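Residues per chain, in single letters:
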Amino acid sequence: MTMDSHDKQTTKNHRFTQALYHAIHGTWDVFSRERNMRYHVTAAVVAVIAGFWFKISEQEWLWIIFAIFFVFLSEFANTVAESLTDLIVRGRYDPLAKRIKDVSAGSVLLSATFAVIVGAIIFIPKFF
């Protein structure tokens, strides 16, 4: 038996628990479906392990955590932009849709580059 759209929630969440459920589901969706998000998670785990290994300072932890969350948030925004674009164009090529996707992917590239720079500034001196 398939569910019609009238069986799905289409209105605003009325309870905090309902909103929390949807937020957790959306977060899990990005982590489980987006290949690049898995790369970001792997890099984040390596950075956190390195942070414990090298006993980085509180200030360095703040930069590492900020960089990790900045990349994660960029990937989430990229997923939203790509999904909305796909919903609108429905498989048709559109140069504006391509621009949206390219710019959105570029924002993830910039945030990931920022994270690499932060990691390099913090960890390279600790290797030597």
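Calculation criteria
Residues numbered from 1 in each chain as written. Predicted model: local features only at pLDDT ≥ 70, side-chain atom pairs only at ≥ 80, totals over all residues. Heavy atoms only, no water. UniProt positions renumbered as here; feature names shortened; annotations may be inferred. Helix = DSSP H or I, 4+ residues; strand = E, 2+ residues; numbered from the N terminus. Phe/Tyr/Trp six-rings, centres within 6.5 Å; stacked < 30°, edge-to-face > 60°. Buried < 20%, exposed > 50% of the residue type's maximum accessible area, 1.4 Å probe, protein only. Axes fitted to C-alpha atoms, helices over the stretch in contact; angles between N-to-C directions. Parallel < 35°, antiparallel > 145°, perpendicular 65-115°, else oblique. Left-handed = near helix turned anticlockwise from the far one by under 90°. Contact = heavy atoms within 4.5 Å. Nonpolar A, V, L, I, M, F, W, Y, C, P; charged D, E, K, R; others polar.

### Some words on the UniProt feature "transmembrane region" (unreviewed entry) in the protein
UniProt's feature table lists "transmembrane region" (unreviewed entry) at residues 39-56, 62-81 and 102-124, given in the numbering used throughout. Secondary structure content for residues 62-81 is 100% helix and 0% strand, and the end C-alpha separation is 28 Å. Along residues 102-124, the helical share is 100% and the strand share 0%, with 31 Å between the first and last C-alpha atoms.

### Considerations on the packing of aromatic side chains
Counted by the stated rule, this structure contains 11 aromatic pairs. Taken together, a centroid distance of 5.1 Å and an interplanar angle of 75° make the contact between Phe54 and Phe127 edge-to-face. With Phe54 in helix α2 (residues 35-54) and Phe127 in helix α4 (residues 95-127), this residue pair connects regions lying 73 residues apart in the sequence. Under the relative-accessibility criterion, Phe127 is labelled exposed at 58%. When the centroid spacing of 5.7 Å and the interplanar angle of 10° are considered together, the rings of Phe66 and Phe70 count as stacked. With Phe66 and Phe70 both in helix α3 (residues 58-89) and 4 residues apart, the pair spans about one turn of that helix.

### So, the packing of α2 against α4
It is at 11 Å that the axes of α2 and α4 come closest, and there the two elements cross at 20°. One element, α2, and the other, α4, form an angle in the roughly parallel class. Here α2 runs over α4; the crossing is left-handed. Of the residues in α4, those touching α2 at His40, Ala47, Ala50, Gly51 and Phe54 are Val108, Phe123, Lys126 and Phe127. Residue classes in the contact of α2 with α4 are distributed as 6 nonpolar, 2 polar and 1 charged.

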